[in-house]
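Summary of the model geometry
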Amino acid sequence: MQISTGKVVSIDYTLTDDKKQVLDSSDGGDPLTYLHGVGQLISGLEKELDGKSAGDSLQVTIKPEDGYGVRDDSSLMVVPKKSIQGVGELKIGMQLHASGGHGRQVVTITKIEGDEVTLDANHPLAGATLHFDVTIRDVRDATEEEVAHGHVHGPGGHHH
Ligand code: ZN
């Protein structure tokens, strides 16, 4: 069975960056199971998986614009240290939940200087070229209920 919109797909994958550092992997855990064609995966990876079958392996390089987006310097903001409270000692790389004009978002501390902290609202993988090593484990038809809900039920999916 080939992967197309409305199929439930299980994949084993390893994601590495340009320095061959592993960013994410299903290795040692369950495969990732998702509903194909509804935007659950980044668009560049869905496009490459389209038409492939169980047992296929592929190596895919995805540019930032097809992955987590390009970095946007207007997403940097400088705030006073004292405006960040309740998270303990501030460290570079720390991620915080901020609520602002665009609703809740995750921001990363990228600079601490004197009484000022620079927060970066870009996705941590924005601007990164992504290298996926994928093996397709299973492809099946989604049930009507899964299509209606827009996600997978059962093993590897939602339970409710
Ligand atoms: Zn559901």
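We now turn to the structure provided with this report. Along each chain, the written sequence defines residue order, and numbers are assigned to residues from 1. Totals for whole chains, interfaces and linings use every residue, but because this is a predicted model, local features are given only for residues with pLDDT of at least 70 and side-chain atom pairs only at 80 or more, for both listing and counting. With hydrogens and water excluded, all non-hydrogen atoms of the structure serve as input to the side-chain values.

**As for the overall build of the protein**
Secondary structure elements are taken from DSSP: a helix is a run of H or I of four residues or more, a strand is a run of E of two residues or more, and numbering for both begins at the N terminus. When its secondary structure is counted, the protein shows two helices and nine strands. Beginning at the N terminus, the succession of helices and strands in the protein can be written as β-β-β-α-β-β-β-β-β-β-α. With respect to the three principal axes, the spread of C-alpha positions in the protein is 60 × 35 × 30 Å. Residue burial is assigned from relative accessible area. The probe radius is 1.4 Å, only protein chains are included, and a residue is buried under 20% of its type maximum, exposed over 50%, and partly exposed in between. In the protein, buried positions account for 33% of the 160 residues. Between two residues, a contact is recorded if the distance between any of their heavy atoms is within 4.5 Å. Contacts in the protein between residues at least 24 apart in sequence constitute 62% of all its contacts with a sequence separation of at least 6. Within the structure as shown, the protein displays about 9,800 Å² of accessible surface, and the carbon and sulfur contribution to it stands at 47%. Across the protein, the mean location of the 14 positive side-chain charges is 6 Å away from that of the 25 negative side-chain charges. Exposure was quantified through the Shrake-Rupley algorithm and a 1.4 Å probe, taking into account, for residues, occlusion by the shown protein chains and nothing else. When charges are tallied, Lys and Arg are placed among the positive residues and Asp and Glu among the negative ones, while His and the ends of the chain are skipped. Throughout, a charge is located at the NZ atom of Lys, the CZ atom of Arg, the CG atom of Asp or the CD atom of Glu.

**So, unusual backbone geometry**
We note that Lys-20 has phi near 65 degrees; this positive angle belongs to a residue other than glycine. Tracing the backbone through its elements, the reader meets Lys-20 in the loop between strand E1 (7-16) and strand E2 (22-25).

**A word on the pattern of salt bridges**
Close approach of charged atoms lets side chains of opposite charge pair. Salt bridges are counted wherever a side-chain nitrogen of Lys or Arg sits within 4 Å of a carboxyl oxygen of Asp or Glu. Overall, the coordinates contain four salt bridges when judged by the stated rule. One salt bridge in this structure joins Arg-137 and Asp-12, with 2.5 Å as the shortest N-O distance. Of this pair, Arg-137 sits in strand E9 (residues 130-141) while Asp-12 sits in strand E1; the two residues are 125 residues apart in sequence, bridging distant segments of the chain. Accessibility expressed as a relative area gives 47% for Arg-137, which makes it partly exposed.

**Things to note about the nonpolar core**
Core analysis: the biggest nonpolar cluster contains 20 residues, and Leu-45, Leu-49, Ile-62, Leu-130, Phe-132, Val-134 and Ile-136 have the highest contact counts within it. Those elements giving two or more residues to this core turn out to be E1, helix H1 (43-49), strand E4 (57-62) and E9. Broken down by element, the residue count for this core peaks at five residues, all from E9. Those residues in contact with Phe-132 that sit more than four places away from it in its chain are Tyr-13, Thr-14, Leu-15, Ile-42, Leu-45, Leu-58, Gln-59, Val-60 and Ile-62. Residues Val-79, Ile-84, Leu-96 and Val-107 belong to the second largest nonpolar core, which totals eight residues. Think of a nonpolar core as a cluster: buried Ala, Val, Leu, Ile, Met, Phe, Trp, Tyr and Cys residues, connected wherever their side-chain atoms sit within 4.5 Å.

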